[in-house]
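What the coordinates show
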Amino acid sequence: MSTTLHLGTRKGHFAIEKNGKGWKVAHSSFLGVQVPMLLPDARDSKLHAAVEHGHFGTKIHTSSDSGATWEERACPTYPPKPEGTPDILCPMRQTPVPWNLEKIWSLEAGGADEPGVLWCGTIPGGLFKSTDGGASWNLVESLWNRPERAKWFGGGYDWPGIHSICVDPRNSKRVVLAISCGGVWETLDGGETWDRYGKGLVADFMPPGQEEDWDSQDPHRIDACVTDPNTVWMQHHCGIYRSKDGGHTWQRFDNGNPAVFGFAVAVHPQKPETAWFVPGVKDEMRVPVDGALCVMRTQDDGKTFEPLRKGLPQEHAYHLIYRHCLDVSPDGRTLAMGSTTGSVWISEDSGDSWTRLSAELPPVFCVRFEKGS
Amino acid sequence: MPLVEFTPNLASQTSAQACRVEGATVGESLQAVFAKQPGLRSYLLDDQGAVRHHVVVFVDGAAIKDRRTLSDSVQPDSEIFIMQALSGG
């Protein structure tokens, strides 16, 4: 099982380690600075951190010792906007979409057979790829230049963003990603070309007749099963979905208990029929149902969903679990969850029970196990 | 040669050091700074080369007008001061 957990928070990075006395905060980095995303890369044991300074922009730092020391590396940078290129306007607000890095929203490692490949999803919707371990980055223009981008729009943030990147363990050239709001995209050639999918997805918030438009879908988060990557679970703005064909077509589940709204999803690495969610009251509310926090699990491929409450606060608990704040370890039994109100919980029994490690941390933006440990 | 100075907040995040550089405009002066301290560029300018939204550049006590192409002129004895714009924490 994993014994090191990394948190990216509103006020820095925190490493949490398990010793004989349980899980404890071991050390912190970048105190006072936002860390929206972390990537513990199991291939080379490097830890990458997106460090977002309020005034001075986002940087990427990399550690070779689980965050004890760091080195600033290259950061994804949008190339100069070509002279004469018209602005793409947000379809909702008719304001120009920036050609600047606003936020790093996802960092993922390439396949085991392509050392040095890293993927980075950003707001306002640009995907970046590194082939040299983060020494340099290039905007994936084949996606950025797709005409459908003119239909993408922001959800909670002002601009669209790529928050989920799933590299197929069987074929590293196949990558599925999700955009809020911009649907589900797939490349089969390492990012040279892209197609979008989404049959079955329904965006209830769109005007009549446009609910099934693939480009307007708001997947909050997708996660694929490690041993069965054709199974992809999605927490969508309008409900829970599961695909059995790698993200091309989707089945909707309206039987979430106690709710189908939420942001996070984690899929069991070996059991594609098992996934965890954190339900909340849709959609302007975004708080636990009845102020009682629970994790919701299906173990039967969506036939039923059960709320898991043991160890989680059940009275006046208004924790919001952001989309990157629920992670499952490779053992499929150890889960971690962090909240906007600075609580972090661990479960070592597949979510049946939870232990709070701290209620005193800054708002949590991402939670990731060291999967090589 | 204009003198370029930085807020201590920036110096705490980087190795920014005050320096004198050649330059007739803010842009020329900053490019000369970046030639000496390349890591500073992304802290001050956005991807398109404009001054970051939450950064302010003063020349002799006045905020520059052209934050996009940095064309404000500077004199040989000018002092360029770079600080963060006040915003919430």
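Everything discussed here concerns the structure shown above.
So, here's what we can say about the structure. Note that the structure is a prediction, hence the values are computed from the model and not measured. (Residues numbered from 1 in each chain as written. Chains lettered and ligands numbered in written order. Predicted model: local features only at pLDDT ≥ 70, side-chain atom pairs only at ≥ 80, totals over all residues. Heavy atoms only, no water.)

All names here are of chain A. Along the chain, Gln235 falls in strand 17 (residues 232-236). A distance of 2.8 Å separates a polar atom in the side chain of Gln235 from the backbone oxygen of Val260. Setting aside anything within four residues of it in sequence, one finds Gln235 in contact with Pro219, His220, Arg221, Ile240, Val260, Phe261, Gly262, Phe263, Ala264, Val265 and Phe277. (Helix = DSSP H or I, 4+ residues; strand = E, 2+ residues; numbered from the N terminus. Polar contact = N/O pair within 3.5 Å; in protein donor to acceptor, adjacent residues only side chain to side chain. Contact = heavy atoms within 4.5 Å.)

Let's shift gears to the interface of chain A and chain B. Contacts between the two partners involve 19 residues from chain A, matched on the other side by 16 residues from chain B. Approximately 1,400 Å² of surface area, both sides summed, lies buried where chain A meets chain B, with 46% of it carried by carbon and sulfur atoms. Where chain A packs against chain B, one counts eleven residue pairs in polar contact (both at pLDDT 80 or more). If one sorts the elements of the side of chain A that touches chain B by residue count, strand 6 (residues 57-63) of chain A sits on top with three residues. A breakdown of the residues in the side of chain A that touches chain B according to their chemical character gives seven nonpolar, seven polar and five charged. (Buried area = accessible area lost by both parts, 1.4 Å probe. Nonpolar A, V, L, I, M, F, W, Y, C, P; charged D, E, K, R; others polar.)

The next thing to look at is the nonpolar core. Ranked by internal contacts, the top residues of the largest apolar core, which has 28 residues, are A:Leu5, A:Leu7, A:Trp276, A:Ile321, A:Leu326, A:Met337 and A:Trp354. A:Leu5 has contacts with A:Phe14, A:Ala15, A:Ile16, A:Trp23, A:Ala336, A:Val344, A:Ile346, A:Val367, A:Arg368 and A:Phe369, leaving out every residue within four places of it along the chain. (Core = buried A, V, L, I, M, F, W, Y, C linked by side-chain atoms within 4.5 Å. Buried < 20%, exposed > 50% of the residue type's maximum accessible area, 1.4 Å probe, protein only.)

Turning our eyes to something else, we now look at the pairing of strand 1 (residues 3-6) of chain B. Residue and element names in this part refer to chain B. Pairing between strand 1 and strand 2 (residues 19-20): two bridges, direction antiparallel. Looking at the pairing, Val4 lines up with Cys19 of strand 2. Across four bridges, strand 1 lies against strand 5 (residues 79-84) in parallel orientation. Residue Glu5 lies in a different strand from strand 5, and its bridge partner there is Phe81. (Pairing = 2+ DSSP bridges.)

Before going further, it helps to spend a moment on the sheet that holds strand 1 of chain B. Residue and element names in this part refer to chain B. Strand order in the open sheet made by the five strands is 2-1-5-3-4, with mixed pairing throughout. Bordering the open sheet on either side are strand 2 and strand 4 (62-63), each of which pairs with just one other strand. Bridge analysis of strand 3 (residues 55-59) against strand 5 gives five bridges, and the strand direction is antiparallel. The partner of Phe58 across the bridge, within strand 5, is Phe81.

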